[in-house]
Amino acid sequence: MPFHTHPEKNVAPDSGDGPSENSVEITPKEAKVATKDTEVIVTVTEPEAAVPIPAAEAPQPQPIVIVVTELEPVEGEVTDTRPIVTEPVENGHNEPEPTRVEKHVEVTEVKEEEPSTSKVPDKDDDVTASTPSPPPPAENGSTPKKLSIDLPNDSDPESTRGRKDSVWSLGDGQPPEEIDKQIEPPPLSTLLIEKPQGGSINVGGDITFVAKVEAKDLLRKPTIKWFKGKWMDLASKTGKHLQLKESFDRFSKIHTFEMHIIKAKENYAGNYRCEVTYKDKFDSCSFDLEVKEVPEGSQSIDIRSAFKRSSEGQDDAGELDFSGLLKHREHKQEETPEVDVWEILKNARPDEYEKIAFTYGITDLRGLLKRLKKTKKEEKKSEAFAKRLEPAYQVDKGGKIRLVVDLADPTVELKWYKNGQEIRPTPKYIFEHKGTQRIMVINNCQINDDAAYSVSAGDEKCTTELFVKELPVNIVKELEPVKTTVNERIELECEVSEEGAKVKWMKNGVEVPTGVRSRYRVKSEGTRHWLIIDDASKDDTGTYSLMATGGTSQAHVQVDLKPLKVLLDLQSVTVLLGQPLKLNCEIYPGNVPGRWYKNGQLIQPNDRINIFHKLKNHSLNIESSTIHDAGDYTFVPEGYTQTLSAKVHIIDPPKVHLEALNAQDNTVTIVAGNKLRLEIPISGEPAPRVVWMKGERVILETGSRVRAETFADHTCLTIDITEREDTGNYKIVLQNEAGEDTASIKVKVVDIPDPPEAPLVTDVGGDWCTMTWDPPRYDGGSPILGYFIERKKKQSSRWMRLNFDLCKETTFEPKKMIEGVPYEVRIFAVNAIGASKPSEPSKPFIPLAVTSEPTMLVVDDVTDTTVTMKWRPPDTIGAAGLDGYQIEYCIEGTDEWIIANKELTEKTKYTITGLPVEGKILVRVKAINAAGASAPRTTQHSILVKEVIEPPKIRIPRHLKQTYIRKVGEVVNLVVPFVGKPRPKVTWLKEGQPIEQTISIRNSECDSIMFIRKAERKHSGKYELSVQVENHIDTAMLDIQIVDLPGPPQAVKIDEVWGTNVALDWNPPKDNGNAPIIGYTIQKADKKTMEWYTCVEHYHRTCITISDLVVGNEYFFRIYSENMVGLSENATATKDSALIVKEGLQLKNPEYNDRDFTEPPTFTQPLINTFAIAGYNATLNCSVRANPRPKVIWMKNKITIIDDPRYRMFSNQGVCTLEIRKPSPFDGGVYTCKAVNDLGEAQVDCKLEVKVITQE
């Protein structure tokens, strides 16, 4: 049943007598409750025995919506379990009601967070500051009353069913300061296919709420939120008491959202809400949770734990605790209270509250003081009422109800209110007085009497709610199914159990509109009801139902079409452009309307198009056809799948519309380089075939630069970059089935001229020059008007224009130039279109003057056919510098000067050749630069062409005047200069004999060179050089000595052994290496180790005594000879050994068989692949064991390394080393070390890679 409240309580008034749905919201100062035609049982908790409240019979329960909005943090309390006491309702029934599930909404005390914004009422019956219809508090003021609303099992409407979220949380939600912000939810729509249902659990139990959303029409996952009350968002309060889960079934396309509450506490009870949003869709539902306390003994409240603030980091994080809104404090270990803190606070002074709170570990002092203040105020008793109104009353529709209060003071003025409006005595409302009782009787209760009632006595007021219940209306006669055809009458009849009952007609679950303009008519007579459709259509097919409060009846209505017959089908036509077009057809039945379509688009009639329908004839008329009227036409009878089709073809002869070109004589002029696009309108239907031609050449659509394109209403010639070759006549040819048309267009391309050739500088002065040029080859189709001239310095990039008026001629004389600075000039040709590109710059020129004449011209040499002249440069050269000299001569007796050098010479000496013998000539020299030739310098006297003999003279260099010594293998390169004229004859002899062919001799006019690539000892000797000019001879002697290493000494022997001394003697080497022996090197070796140690170096004599030898050792000795080249390659060793024995002892040497220590070479340490850095020395190492000592050979890429200065080889105690000096990438490769002795050979390889480090 609807619930109505007075506007003063901010409760929506009743909207009518019919079923309605209202909501109940609890705010700090407001409250409202909404129900919808439901049976409600109100129980009041009292410490007496339980008596059931009679309730009216409800055949068909209706949904109820309950939304409890919590706007302040709620302090959990223990509610005493009391027996149920009921008050009989007048005209009520005690019949049992149908099976149902009870849903309880517990309204507990509202804890104020901010005293400045919410004031605690001084009187407990002030409904403006309390929850909806709360019972009056008990006399001790410590336990609030409990309002329990029993709902039928199916009392939850769709809007209150549960759903699922993707995030689990349980906590405080939105802070209180944001409560006043009004949030408008999106419009409600149906998203939830399964909604969470309310439930009841015991303290410490678990419960799960499930919501499901179908995802067939959703592109992504919907957003879900879980709330407790109105603003407490549970999304951030997950913990051990609350978990949120989600899942998605890919087969059924259903999102499942679950909220699990684990180990519930008493303060978890209340109203919950779940909201689902997806784009512009929104759905919401509410559900209730009742937490029942465990039936144990009286439970006491731990005040210290109740007023301690929780922390998110503790074990209790995630509970429904509003203290999360406050500042987090450190968690301290709670202790079991041993004293009654409430009694201490009640008896203490206000200035001692803080000290008491600190002593007993109470951190929420503000909440404690508010609770204490309320507790003290609840001890006040009502002064006006001895007995208040019950929280709620229920009465059947048409019945009577009595509202009774008992006054403590009968003289107090009493007023009754309904929804905040005062009630006056009427036959409906009767007021009675019985002692201290005041009674208001409401007769003939109707739906509009369902409201909130209050009574005021002085300053006090008490309220109640009245619920009016309607009896259900049952179906007596069911609807019958109907099957008919279109345009027939349909009449559905149903009979109900009550006259004048309100029913609702539905079609396919949607209410049937029954307005003035509706196709449906509704009629009722007594208990009979009709739904009438006068002119049925196919859309009327469906399931129709009649809904009453006691049941529903439904029947199926089937409306079929009448069979369609085509009497005259549409015919395809071909129409000339502008002629009328007519299409008609005939169908049966004749009253069937239809629609005309062209190319699938609906045709709407207008001033040009007329559509007619007369009986069975349907026609479409177009007065004057256009191109756009061509297409496929279709007539579709309404309600039928059969269609009639025809094609309309519009034809029109082609035509070229050149008048749109707007050009004189159809001539188009364009500047070259620009884009030319000629769009010529054309007409014709069907679309004509267009061909563009230039001469006999057809212009294609696929051309790159020149192409022709054809569109629906015009054709286009495009030249992207016009060129001079594009000039000419272009022809357009149009053809279609209706005819042909042609047209011509003349295109003229004009352009700037071509740049002239590079100008030529013909003459240069000190600050001027003369330049000429030729006209450009192509004038751009327009006469040349003149030229612009520019110049610049060669090193500069800035050109300067020399004339601002066009130069009409092809010559020009620039002036005011700086002498000695190189210049360049260029030309621009100008016609009516513009200036051409610049010409290539001229060759650089320097405006300079000529130099002065050369000086000191003298004869240097004369032969029978040549004369050599020498001179000095000019005194004044100038900024232009000097390019060279030109030499001219004149034979005496003539005036013709002959140029001796065809090309300028930069030297100040020149030989004139090809002169007549014993002739006389005059010679002159000119200095040439960019400005021209200087004044000539001429000899004062004639020159006789006859050679003068000069005796030869050899000029031996100082280092060749003594013996010239070189080592074997070195290069010998001797240069011996000489003089003499004419060219001397040179002869070389060695000790009177011609020299060998291995010695190269090269002679010139002034020197002779002896070259030996690789000297040998046989090249040693005395060489004689002879220089001869006619009968004059000059000679010189050269002594050359080629030296080599000496041979080893001869006959090395041990002369005597005494004590620790050994006397050695030997003979000089047989071969001294062509150089005197300068010393000997003596070495010793112990017979045990045979390791050689040097005793003496650079010893000059051929006998020596070696001292300080070790007693008991046996020694061998060897000797190297040495000359200026170095030590001999081999040494001569003693055949016998010298044994050093201790004096005075006769030692008999035992005989031993010498062990054979000989072995072939074996590498104990191989070569390792190595990376080297270019420019840094690299070494390759390996070790070999062999006896006798092997010969070590190093190879690169299997080529033996011999006398290469880039490599150094070492061998010490069997360790072989190859050092590569500053390697380059070309030194990379495979290196091999090979050891060879008489018993065999061995080799090892490695790879060397040289890397080059690049500098960034």
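- An unreviewed UniProt entry lists the chain under the name Myosin-binding protein C, slow-type, with Culter alburnus given as the organism.

## Examining the overall build of the chain
- The helix and strand inventory of the chain stands at four helices and 88 strands.
- Across the 1256 residues that make up the chain, the buried fraction comes to 41%.
- Pairs at least 24 apart in sequence give 67% of the contacts found in the chain among residues at least 6 apart.
- With the model as given, the accessible surface of the chain reaches about 69,600 Å², and the carbon-plus-sulfur share is 49%.

## Examining the side chain of Asp450
- Looking at the secondary structure, you find Asp450 in the loop between strand S19 (437-442) and strand S20 (452-457).
- Lys418 provides the closest opposite charge to the buried, salt-bridge-free Asp450, at an N-O distance of 9.1 Å.
- Among the polar contacts made by the side chain of Asp450, one reaches the main-chain amide nitrogen of Val468 at a distance of 3.0 Å.

## Focus: the pairing of strand S18 (residues 429-434)
- With six bridges joining them, S18 and S19 adopt antiparallel strand pairing. Of the residues in S19, the one forming a bridge with Ile430 is Val441.
- Linking two consecutive strands that pair antiparallel, namely S18 and S19, is a turn of two residues; a positive phi of about 65° is found at Gly435 within it.

## Some details on the pattern of salt bridges
- Under the defined criterion, the tally for this structure stands at 42 salt bridges.
- Here Arg705 and Asp726 are joined by a salt bridge, their closest N and O atoms 2.8 Å apart. You can see Arg705 sitting in the loop between strand S43 (697-699) and strand S44 (706-710) and its partner Asp726 sitting in the loop between strand S45 (714-719) and strand S46 (728-736), a full 21 residues away along the chain.
- On the basis of relative accessible area, Arg705 is assigned to the partly exposed category, the value being 24%.

## Focus on a nonpolar patch on the surface
- Nonpolar side chains collect at one region of the surface, where Leu567, Leu568 and Tyr588 lie side by side and expose about 280 Å² of accessible area between them.
- You can see Tyr588 is positioned in strand S33 (residues 581-588).
- Tyr588 gets classed as partly exposed once you look at its relative accessible area, which sits at 47%.

## Regarding the environment of Thr742
- Relative to the assigned elements, Thr742 resides in strand S47 (residues 739-750).
- For Thr742, a relative accessible area of 42% gives the class partly exposed.
- Along the chain, Thr742 and Trp692 lie 50 residues apart, while their C-alpha atoms are 9.9 Å from each other.
- Excluding its chain neighbours within four sequence positions, the residues that come into contact with Thr742 are Lys731, Ile732 and Val733.

## Quick notes on the sheet that holds strand S50 (residues 786-793)
- On the basis of which strands lie adjacent, the open sheet formed by three strands has the order S51-S50-S53 and antiparallel pairing. The open sheet is flanked by strand S51 (800-801) and strand S53 (823-830), the only strands paired with a single partner.
- Pairing geometry for S50 and S53, over eight bridges, is antiparallel. Residue pairing for S53: Tyr787 is matched across the bridge by Ala829.

## Quick word on the side chain of Ser1121
- Counting through the fold element by element, Ser1121 comes out in strand S77 (residues 1114-1122).
- Here the side chain of Ser1121 touches Gly1047 through a polar contact of 2.3 Å, landing on its backbone oxygen.

## Looking at the packing of aromatic side chains
- For the structure on display, the rule yields eleven aromatic pairs.
- The interplanar angle of 70° and the centroid separation of 5.4 Å between the aromatic rings of Trp871 and Tyr885 together place this pair among those described as edge-to-face. Remark: Tyr885 occurs in strand S56 (residues 884-891) and Trp871 occurs in strand S55 (residues 867-872); sequence separation between them is 14 residues. In this pair, the class of Trp871 matches that of Tyr885, namely buried.
- One aromatic cluster is present, formed by Phe209, Trp226, Tyr272 and Phe287 through successive ring pairs.
- Above the plane of the ring of Phe227 lies Arg273, whose end atom (NZ or CZ) is 4.6 Å from the centre.
- Between the NZ or CZ atom of Lys792 and the centre of the ring of Trp799, over which it lies, the distance is 5.3 Å.

About the criteria used
Residues numbered from 1 in each chain as written. Predicted model: local features only at pLDDT ≥ 70, side-chain atom pairs only at ≥ 80, totals over all residues. Heavy atoms only, no water. Helix = DSSP H or I, 4+ residues; strand = E, 2+ residues; numbered from the N terminus. Buried < 20%, exposed > 50% of the residue type's maximum accessible area, 1.4 Å probe, protein only. Contact = heavy atoms within 4.5 Å. Areas by Shrake-Rupley, 256 points an atom, 1.4 Å probe, with all protein chains shown as cover. Lys, Arg positive; Asp, Glu negative; His and termini not counted. Salt bridge = Lys/Arg side-chain N within 4 Å of Asp/Glu carboxyl O. Polar contact = N/O pair within 3.5 Å; in protein donor to acceptor, adjacent residues only side chain to side chain. Pairing = 2+ DSSP bridges. Patch = residues over 30% accessible without salt bridge, like charges linked within 9 Å, V, L, I, M, F, W, Y side chains within 5 Å. Phe/Tyr/Trp six-rings, centres within 6.5 Å; stacked < 30°, edge-to-face > 60°. Lys NZ or Arg CZ within 6 Å of the ring centre and 35° of its normal.

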